[in-house]
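What follows is each chain in one-letter form.
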Amino acid sequence: MKIAVIGTGYVGLVTGTCLAETGNNVTCVDIVEEKVQKMKEGVMPIYEPGLDILFHRNIEQGRLKFTTNLAEAIKDAVIIFLALPTPPGGDGKADLSFVLGAAKDIAGIIDNYKVIVTKSTVPVGTADKVKAVFKEHTSIEVDVVSNPEFLREGVAVDDFMKPDRVVVGTSSEKAKALMEELYAPYVRSGNPIIFMDERSSELTKYAANSFLATKITFMNEVANLCELVGADVDMVRKGVGSDARIGKRFLFPGIGYGGSCFPKDVQALALSAEEYNYDFKILKSVMDVNQVQKIKIIEKMKSYYKGDLKGKKFALWGLAFKPETDDIREAPALYIIDELLKAGAEVVAYDPEAMDNVERLLGNKISFAENPYDALLDADALVIATEWQLFRNPDYELMEKNLKSKVIFDGRNLYDLQKMIDLGYYYNSIGRKIIEA
């Protein structure tokens, strides 16, 4: 099948590459000429484990192409995916200008039937707005389909190639048949393609992400209570997560959620509800709690240093909002850095993938180390903000040698409490007892 993907951001590039992997001929479109040229040369614009292998293979075999020419890309395409950004606007609502603008451009070019698929995360009613654009600007028949993505950064290739489910919103039998044919190779193990109306499909994506954000936030609230009552959140998590009705995933407490999806999707769903005069109270609480949780560790640091962080030097391990990505959007580490700098502290950071992105954002406001242990040199304490695997079993002897003081503030609960006792660290984590040196 011939496919066009409009937009080569995270979702667009993963979608286009994985669709090419099952034999489709895919052309990806982007307006940034330099980016397109680099992709033609085999340069990946994002870090995503495993994607580079499929990316290079499908370019070499001629199934994956890149262009800035929209007309060229969509000329022979049967299905056109819109994988464009929908950032929060000034009012916090999803900005649909990129999606609707692309729809208008496509409408002015097409001369035969197309299936237009909104892959971007969009508010309820967006498919209707896209349909209206096509109705206004072309007499050519099109079907507009909602097909939300459920990709987790760090494991996006597996999520696309072996999805838990594929959600497709359409009222057209013709479009349904084409989407079923397109996704058949990905659900051979029996996981479902769930067909529904467009509005239900659009709401499904927001509801799924908002529920997961709520689950994370609930466990963070439990962790905060554990600290007050003397309970251990790790034990509580295991007890709660063993209930099959609840499940083990998304129950790990920490310093809040970030990234490109959860923050904007929770906000967008709450604002969408307001448009229908519905007060989605739980989501407002989730956002409030998460904002405080991101800098919860600063309270712990100020308590330890008796309110004065000025002149202190802190090593920060982890900048990305989660491991296995270079994405720093809404990363808790950025909020921690901001608070530390405002308090007059110095920050030396290390992250396996995200340092370039943070340096572009912050410049020389903080320093960057070539490896985790160089970041510790003469630091008053270590702060852990992202749970990269290489931080889980560190060289404790080298840590002790480089740190000025054996002090760790762990926002991701990486280390065993008894181990910290045995090594003689002051260790302050989330929802567990403080280990005094």
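Each remark here, short or long, concerns the structure printed above.
The structure presented is a predicted model; accordingly, all values stated were derived computationally and were not measured.

A. Inspection of the overall build of the chain at higher detail. Summing up its helical and strand segments, the chain has 18 helices and 14 strands in all. Relative to the 2.2 N^0.38 estimate, which gives 22 Å for 437 residues, the radius of gyration of the chain is 24 Å and therefore close to what a compact globule would have. With respect to the principal axes defined by its C-alpha atoms, the chain has extents near 75 × 50 × 45 Å. Expressed as a percentage of the 437 residues in the chain, the buried residues total 53%. Looking at the chain alone, contacts between residues at least 24 apart form 72% of all its contacts between residues at least 6 apart. Accessible surface for the chain amounts to roughly 19,800 Å². Of this, 51% is attributable to carbon and sulfur atoms. Mean positive and mean negative side-chain charge positions of the chain (53 and 64 charges, respectively) differ by 3 Å.

B. Structural view of helix H6 (residues 126-137). In this model H6 runs 17 Å from its N-terminal to its C-terminal C-alpha over 12 residues, within 8% of the 16 Å that 1.5 Å per residue would give. Three or more residues of H6 are buried, namely Thr-126, Ala-127, Val-130, Val-133 and Phe-134. Buried positions in H6, seen along its axis, are confined to an arc of 115° and lie on one side of it. In H6, those exposed residues whose orientation departs by more than 90 degrees from the buried face are Lys-135 and Glu-136. Those residues of H6 that are buried lie in contact with helix H5 (97-107), strand E5 (114-118), strand E6 (142-146) and helix H9 (198-229).

C. Inspection of the pattern of salt bridges at higher detail. All chains considered together, the criterion is met by 26 salt bridges. Two residues, Glu-34 and Lys-38, come together in a salt bridge whose shortest N-O distance is 3.7 Å. Note that Glu-34 and Lys-38 are positioned in helix H2 (residues 33-40) at a spacing of 4 residues, about one turn of the helix. When the shortest N-O distance is used, the salt bridge between Asp-128 and Arg-199 registers 3.1 Å. Of this pair, Asp-128 sits in helix H6 while Arg-199 sits in helix H9; the two residues are 71 residues apart in sequence, bridging distant segments of the chain. Residue classification places Asp-128 among the partly exposed positions, given a relative accessible area of 34%.

D. The nonpolar core, seen in detail. In this structure, Trp-317 and Tyr-415 are the most contacted members of the largest nonpolar core, which totals 63 residues. Beyond its immediate chain neighbours, meaning those up to four positions away, Tyr-415 contacts Trp-317, Ile-384, Phe-391, Arg-392, Pro-394, Tyr-396, Ile-408, Asp-410, Met-420, Tyr-427 and Arg-432. Within the second largest apolar cluster, 41 residues are counted, among which are Ala-20, Met-44, Phe-81 and Val-187.

E. Up close: the environment of Arg-432. Within the secondary structure, Arg-432 is located in the segment after strand E14 (426-428). Here Arg-432 falls in the buried class, since its relative accessible area comes to 6%. In this structure the C-alpha to C-alpha distance between Arg-432 and Gly-16, which are 416 residues apart in sequence, comes to 44 Å. When neighbours within four sequence positions are excluded, Arg-432 is seen to be in contact with Glu-227, Asp-232, Val-233, Asp-234, Asn-413, Leu-414, Tyr-415, Leu-417 and Tyr-427. A polar contact is formed between the side chain of Arg-432 and the side chain of Tyr-427, at a distance of 2.9 Å.

Conventions and cut-offs
Residues numbered from 1 in each chain as written. Predicted model: local features only at pLDDT ≥ 70, side-chain atom pairs only at ≥ 80, totals over all residues. Heavy atoms only, no water. Helix = DSSP H or I, 4+ residues; strand = E, 2+ residues; numbered from the N terminus. Rg over C-alpha atoms; globule rule 2.2 N^0.38 Å. Buried < 20%, exposed > 50% of the residue type's maximum accessible area, 1.4 Å probe, protein only. Contact = heavy atoms within 4.5 Å. Areas by Shrake-Rupley, 256 points an atom, 1.4 Å probe, with all protein chains shown as cover. Lys, Arg positive; Asp, Glu negative; His and termini not counted. Charge placed at Lys NZ, Arg CZ, Asp CG, Glu CD. Expected span 1.5 Å × (residues − 1). Arc of directions from axis to C-beta. Salt bridge = Lys/Arg side-chain N within 4 Å of Asp/Glu carboxyl O. Core = buried A, V, L, I, M, F, W, Y, C linked by side-chain atoms within 4.5 Å. Polar contact = N/O pair within 3.5 Å; in protein donor to acceptor, adjacent residues only side chain to side chain.

Shape descriptors only; they carry no functional weight alone.
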